[in-house]
Amino acid sequence: MTEVRWERLTAPQLRALAERNAVVVVPVASLEQHGPHLPVWTDSFIGHSVSVRAAELCADLPAVVTPPMWLGLSEHHFPFGGTISLDYATFAAVLRCIVKSLLADGFSKVMLFNSHGGNIDPLAVSARELAHEFGIPVLTTTVTKVAPAAIAAALTAQKAMHHACEAETSLWLHLDPSQVRMEEIANSVSPGNFDAGQQVSSRFWSFSERAPVTGVRGDARAATAEKGKAIFEAMAEGLARELRDTTNWSPPDDVWARGRAQGKR
């Protein structure tokens, strides 16, 4: 199988991929608490694993996956400890440096593949601004968005993927069960599981408000390796579809160009 992991390739191999106009997938994640039963690097591990599998599925499309950006916007998890977070200005600056570096390396198609809920809105703004600044397609999507129906179909205790929940625990049981503290799963359920996503207005909510006591949203007790495999493959296939979709990779309209208002509509 063709190697797709950036860190395992040589500089000449990466230059050859740039010459073939390869898509670069940058997993963007976080380092934060995932309840009493999962490691704090859960989002990085899941996002990178799905990205690598998706790139492997795109045998007809050159694609390469960078190491994960392991810091995101995670300040809402501080009440439970084990969390390291960026602020938005730093987050956007790091992304800018990554994309600028990829341009210097000869690449011109970038997918910022997210695996952390707190990064969704910041990534949407950053991807838009980076496309304007550098004139290349910069896409972003999230693990939960590439295969929502398949994720829901695999779950039995909840309707969607939340945090340190049935879905994420199932993914760990499929990918690396040794990292799951099985004896702690019974202690992972939070009272209430408040869903801020159901609110009409947007505001900041910490996880001590959304998932008190344990920091877990969802029911990890229902997790199985079989569910994890189904979710993992569906996510990888969903991301691969996005990478293959040629309409995603057209050059962005240079709307900020001087005199653009007088140009072709």
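Residues numbered from 1 in each chain as written. Predicted model: local features only at pLDDT ≥ 70, side-chain atom pairs only at ≥ 80, totals over all residues. Heavy atoms only, no water.

S.K.: How should I be thinking about the overall build of the chain in this particular structure?
M.R.: Looking only at helices and strands, the chain features 8 helices and 4 strands. Counting from the amino terminus, the chain carries its helices and strands in the arrangement α-β-α-β-α-β-α-β-α-α-α-α. A compact globule built from 265 residues would reach a C-alpha radius of gyration of about 18 Å, and the chain, at 19 Å, matches this within 12%. Judged by the C-alpha coordinates and their principal axes, the chain covers about 60 × 45 × 30 Å. The 265 residues of the chain split such that 48% are buried. When contacts within the chain are restricted to residue pairs at least 6 apart in sequence, those whose partners lie at least 24 apart make up 76%. Looking at the chain as shown, the accessible area adds up to about 12,800 Å², and 54% of this sits on carbon and sulfur atoms. In the chain, 24 side chains carry a positive charge and 28 a negative one; their mean positions are 6 Å apart. (Helix = DSSP H or I, 4+ residues; strand = E, 2+ residues; numbered from the N terminus. Rg over C-alpha atoms; globule rule 2.2 N^0.38 Å. Buried < 20%, exposed > 50% of the residue type's maximum accessible area, 1.4 Å probe, protein only. Contact = heavy atoms within 4.5 Å. Areas by Shrake-Rupley, 256 points an atom, 1.4 Å probe, with all protein chains shown as cover. Lys, Arg positive; Asp, Glu negative; His and termini not counted. Charge placed at Lys NZ, Arg CZ, Asp CG, Glu CD.)

S.K.: I would appreciate a short explanation of the sheet that holds strand S3 (residues 110–114) in the present structure.
M.R.: Hydrogen bonding along the main chain pairs the strands of a sheet, whether they run parallel or antiparallel. Strand order across the open sheet formed by 4 strands is S2-S1-S3-S4, with parallel pairing between neighbours. In this open sheet, the two strands that pair with only one neighbour each are strand S2 (63–65) and strand S4 (138–142). The mean angle between the axes of side-by-side strands here comes to 25°, regardless of whether they run parallel or antiparallel. Sheet analysis places S3 next to S4, joined by 5 bridges and oriented parallel. Pairing of Phe 113 across the sheet is with Thr 141, part of S4. Across the face of the sheet, helix H4 (residues 120–134) comes into contact with strand S1 (23–28), S3 and S4 while running at roughly 170° to S4. (Pairing = 2+ DSSP bridges. Axes fitted to C-alpha atoms, helices over the stretch in contact; angles between N-to-C directions.)

S.K.: Please explain the pattern of salt bridges as it appears in this structure.
M.R.: Proximity of charged atoms lets side chains of opposite charge pair with each other. Evaluated as defined, the whole model comprises 9 salt bridges. Close ionic contact of Glu 3 with Arg 8 constitutes a salt bridge, the shortest N to O distance being 3.8 Å. Given a relative accessible area of 52%, Arg 8 falls into the exposed group. Measuring nitrogen to oxygen at the nearest pair gives 2.7 Å for the salt bridge that ties Glu 166 to Lys 227. Placement of Glu 166 in helix H6 (residues 166–175) and of Lys 227 in helix H8 (residues 225–244) is noted, with a sequence separation of 61 residues between them. With relative accessibility at 0%, the residue Glu 166 sits in the buried group. (Salt bridge = Lys/Arg side-chain N within 4 Å of Asp/Glu carboxyl O.)

S.K.: Can you walk me through the pairing of S4 in this structure?
M.R.: In terms of residue burial, S4 counts as a mostly covered element, since 4 of its 5 residues are buried. The β-α-β motif built from S3, the intervening H4 and the parallel element S4 has right-handed crossover chirality. (Right-handed = clockwise from strand over helix to strand, strands pointing away.)

S.K.: I tried to follow the side chain of His 37 on my own but got confused; where do I start?
M.R.: As for its position among the elements, His 37 is in the loop between S1 and helix H2 (42–57). Residue His 37 is classed as buried on the basis of its relative accessible area of 0%. Apart from the residues within four sequence positions on either side, His 37 is in contact with Ala 164, Thr 169, Gln 179, Val 180, Arg 181, Glu 184, Ile 185, Ser 188, Val 216 and Ala 220.

S.K.: Is there a simple way to explain unusual backbone geometry in this structure?
M.R.: Glycine aside, the phi torsion of most residues is negative, and most peptide linkages are trans. Positive phi, close to 60°, is recorded for Asn 21, a residue that is not glycine. Looking at where Asn 21 falls in the secondary structure, it is placed in the loop between helix H1 (11–19) and S1. Judged by its relative accessible area of 35%, Asn 21 falls in the partly exposed class. With a phi angle near 80°, Val 213 is a residue other than glycine that sits in the positive phi range. Secondary-structure assignment places Val 213 in the loop between helix H7 (207–210) and H8.

Don't take any of this as a statement about function, it's just geometry.
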